[in-house]
Amino acid sequence: MDEPDGWSRYNATQVDREPRALVKSMLGHAGDGHGRLAVDLGFGSGVETEALLRRGWCVLAIDADPTAAELLTQRLSEENAARLSILTSDFADIDALSEVDLVHAAWSLPYAGDAFPQLWANLMSALVPGGWIGCELFGDRDTMSSHPRIAAHTEAEARGLLEPLSVVEFDTIEQADMSARGLQHRHVFSVVARRPID
Ligand SMILES: C[S@@+](CC[C@H](N)C(=O)[O-])C[C@H]1O[C@@H](n2cnc3c(N)ncnc32)[C@H](O)[C@@H]1O
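Owing to the predicted nature of the structure, the values given are computational and were not obtained by experimental measurement.

Definitions and cut-offs
Residues numbered from 1 in each chain as written. Predicted model: local features only at pLDDT ≥ 70, side-chain atom pairs only at ≥ 80, totals over all residues. Helix = DSSP H or I, 4+ residues; strand = E, 2+ residues; numbered from the N terminus. Rg over C-alpha atoms; globule rule 2.2 N^0.38 Å. Buried ≥ 20, exposed ≤ 12 C-beta atoms within 10 Å, placed from the backbone. Contact = placed C-beta atoms within 7 Å. Near = placed C-beta within 6 Å. Nonpolar A, V, L, I, M, F, W, Y, C, P; charged D, E, K, R; others polar.

## Digging into the overall build of the protein chain
Within the protein chain, the regular secondary structure consists of seven helices and eight strands. For a compact globule of 198 residues, the expected C-alpha radius of gyration is about 16 Å, and the protein chain comes in at 16 Å, within 12% of that figure. Going through the 198 residues of the protein chain one by one, you find that 37% of them count as buried. A separation threshold of at least 6 residues defines the contact pool for the protein chain, and within that pool the share at least 24 residues apart is 69%.

This is the structure:
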């Protein structure tokens, strides 16, 4: 994230992997889209965006990486591409979102940095009653938490963000992890939650 093309290089390595557990879990809870609208924030190579499209969701896919749109579109059938809109934008530049039924944000929201509070408020306003959100949040003990452009949260803060929602999954990942940056301490909350219908 510190090099200009860092995300492009990372996303190019992700093209052939399986969809992540988070999107599988969300689809298990939310089911087929039947034309409902999902937003995929920081969609990267588009593996999870495609998984949503295959299950009948319309998707607004947002990522600042200028190479991500092509990675995504080149993997799609014509039928799935017809239900996709792509926005190449920094999270900080996203104005209010229209109503959405599902928010998927795998390993991306912490990179909003200072724009995180406004982004989270936008997501909470956009999520319809009965709508689903799944995301990773970085914890305060993660190595990355001291980075000036990362939004990190204590567990109490993370649970506070989720207060308007019914929390269905709140998994804490805390482990040593080897990454491109060397040995890191991972402290991450992986969350699936739903806006109550009432
Ligand atoms: C760790 S990758 C995760 C990609 C994908 N969701 C996945 O699970 O593989 C983070 C993604 O967020 C995007 N990203 C990082 N900072 C961003 C920002 N400030 N605004 C919009 N997108 C951003 C990157 O371009 C990258 O695609």
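## Examining the site of the ligand
The full set close to the ligand counts 18 residues, and Trp 7, Gly 42, Gly 44, Ala 64 and Tyr 111 are the nearest of them. Looking at the shell around the ligand residue by residue, the classes come out as nine nonpolar, five polar and four charged.

## Section: helix H3 (residues 47–54)
Helical periodicity: at 3.6 residues per turn, an α-helix aligns residues three or four positions apart in one direction. With seven of eight residues buried, H3 lies mostly within the body of the structure. Those residues of H3 lying buried are Val 47, Glu 48, Thr 49, Glu 50, Ala 51, Leu 52 and Leu 53. Of the residues one or two after H3, Gly 56 is the one with positive phi, at around 85 degrees.

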